[in-house]
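For reference, the chains in residue letters:
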Amino acid sequence: MRRKLAGLKWTPQWTSRMGCLHGCSEYLGLKNSLAWVFGITGHAFIINMHEVGVCPSGPTAWRADEHYKLSVGLGLSQKNIAWADSRQEDFEDKLKEAWMSTRLSIDEGDPVYAWEIVVPEYYVINGYDDTGYLFSGPIPQDDNRWKDRGFPWNRYGKTDIGLIEVNRVSKCDSPIDIKAVCAGLRFALQHSNTRDYLWDRYHSGIAGFDTWIETLRNDEAMIHGMTYNTAVWWECRCHAVDFLMEVAERITNLPANTINKAIKAYSDVRDALKQLKDMFPFEISEDTIEDASLIKSGVECLERARDAERVGLRSLEELTAIMEKMI
């Protein structure tokens, strides 16, 4: 028994959840650019930072319920079909439910994506065999175990983190562009300015940048967390700029000065984080960063990014207020 949805694959991105959503969008025949996926869901404009060590959990450890709903603006409906913690007494039953629900989704032609098949990232599930899940997503270069066979369904979630999360993606009707853009920006602003979507000891928006800066300045930043967070948040701001440019093309009656102010601000954030990314290329190491000169330069980059982010958030507030009056 083997069933696979031909052509369904993950779009490689540091922000693996967004790579999965874009891959599902492509498979379902929708013409959403990567930037549009990042922007409509608000992800292009957020940051999430743990207080300890620039922890690599930041990009994925926040309450994403509202974020999932926003994919309707892309013409995509997301439905969680499995969620469980390995500490639950009924965890084995939840694994079976996840396996059965995933196979049903694949049989009905809907793509699925899930948390932590191999490493703590998101993966597109594009099929199944007698063993388990066929998938597409981030795999260490030296790991060839799952090249020709499925990941055993009864081993899913049995990791140090111990969570399973499986989401089904289907086509749906989408609102007009201006409504979808407004919804995404409202979410991004709420994520940045409140704690509504945050777990304890995580910080977003300007507070997220401040947390990042102080951790690095105090010689407490782990190499892995620093390099991974830098790559993710740089990628998001790259898509923020491209999204805003696409908004200007698709909603042509927006005031040029307002949209250009936002584009300029997020271009500045992007460029500062690119400089930081060049200083701290991705590396998996639990050691802390100790090079004083590198720390000093890194803090300067982050301060420039934070200051530009502050301007960017104010620009998004102005832009959202204008669009809401236009709807």
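Calculation criteria
- Residues numbered from 1 in each chain as written.
- Predicted model: local features only at pLDDT ≥ 70, side-chain atom pairs only at ≥ 80, totals over all residues.
- Heavy atoms only, no water.
- Helix = DSSP H or I, 4+ residues; strand = E, 2+ residues; numbered from the N terminus.
- Rg over C-alpha atoms; globule rule 2.2 N^0.38 Å.
- Buried < 20%, exposed > 50% of the residue type's maximum accessible area, 1.4 Å probe, protein only.
- Contact = heavy atoms within 4.5 Å.
- Lys, Arg positive; Asp, Glu negative; His and termini not counted.
- Charge placed at Lys NZ, Arg CZ, Asp CG, Glu CD.
- Pairing = 2+ DSSP bridges.
- Salt bridge = Lys/Arg side-chain N within 4 Å of Asp/Glu carboxyl O.
- Polar contact = N/O pair within 3.5 Å; in protein donor to acceptor, adjacent residues only side chain to side chain.
- Phe/Tyr/Trp six-rings, centres within 6.5 Å; stacked < 30°, edge-to-face > 60°.
- Lys NZ or Arg CZ within 6 Å of the ring centre and 35° of its normal.
- Disulfide = S-S within 2.5 Å.
- Axes fitted to C-alpha atoms, helices over the stretch in contact; angles between N-to-C directions.
- Parallel < 35°, antiparallel > 145°, perpendicular 65-115°, else oblique.
- Left-handed = near helix turned anticlockwise from the far one by under 90°.
- Nonpolar A, V, L, I, M, F, W, Y, C, P; charged D, E, K, R; others polar.

**Some words on the overall build of the protein chain**
Helix and strand content of the protein chain: nine helices and nine strands. Radius of gyration (C-alpha) of the protein chain: 20 Å, near the 20 Å computed for a compact globule of 327 residues. Each principal axis of the C-alpha atoms in the protein chain carries an extent, and together these give about 55 × 50 × 35 Å. In the protein chain, which comprises 327 residues, the share counted as buried stands at 57%. Intrachain contacts of the protein chain at a sequence separation of at least 6 include 74% that bridge at least 24 residues. Between the averaged position of the 38 positive side-chain charges in the protein chain and that of its 49 negative side-chain charges there is a distance of 5 Å.

**Observations concerning the pairing of strand S5 (residues 122-129)**
For S5, a buried count of eight out of eight residues is recorded, marking the element as mostly surrounded by other parts of the structure. Bridge count for strand S1 (residues 2-4) against S5 is three bridges, and the pairing is antiparallel. Bridged to Arg3 within S5 is Tyr128. Remark: six residues form the turn of the hairpin made by strand S4 (residues 112-115) and S5, two consecutive strands paired antiparallel; Glu116 in that turn has positive phi of roughly 50°. Taking the residues that link successive antiparallel strands as the turn, the S5-strand S6 (residues 132-136) hairpin has two residues.

**Brief notes about the side chain of Glu116**
Within the fold, Glu116 resides in the loop between S4 and S5. For the buried Glu116, which has no salt bridge, the nearest side chain bearing the opposite charge is Arg145, at an N-O separation of 10 Å. Side-chain polar atoms of Glu116 contact the side chain of Thr159, separated by 3.0 Å.

**Observations concerning the packing of aromatic side chains**
All told, the structure shown has 14 aromatic pairs when counted by the stated rule. An aromatic cluster of at least three residues, connected via ring pairs, comprises Trp99, Tyr128, Tyr133, Trp153 and Tyr156. Of note, Arg17 hangs over the ring of Trp62, and the distance from its end group to the ring centre comes to 5.1 Å. The ring of Trp234 is capped by Lys277, whose NZ or CZ atom sits 4.6 Å from the centre of that ring.

**Concerning the state of the cysteines**
All chains considered together, the criterion is met by zero disulfides. Here Cys55 stays unpaired: no disulfide links it, and the sulfur of Cys236, its closest cysteine neighbor, is 17 Å away. Its sulfur unpaired, Cys301 is 14 Å from the next cysteine sulfur, which belongs to Cys238. Given the relative accessible area of 1%, Cys301 is considered buried.

**Some thoughts on the packing of helix H8 (residues 256-279) against helix H9 (residues 292-326)**
With their axes 8 Å apart at the nearest point, H8 and H9 run at an angle of 160° to one another. Judged by the angle between their axes, H8 and H9 are roughly antiparallel. Every pair of crossing elements has a handedness; the one defined by H8 and H9 is left-handed. A per-class count over the contact of H8 with H9 returns 19 nonpolar, six polar and five charged.

**Things to note about the environment of Asn32**
Structurally, Asn32 can be placed in the loop between helix H1 (16-27) and helix H2 (34-40). Excluding residues within four positions of it along the chain, Asn32 makes contact with His22, Ser25, Glu26, Val37 and Leu74. Within the structure, the side chain of Asn32 is placed 3.0 Å from the side chain of Ser25, a separation counted as a polar contact.

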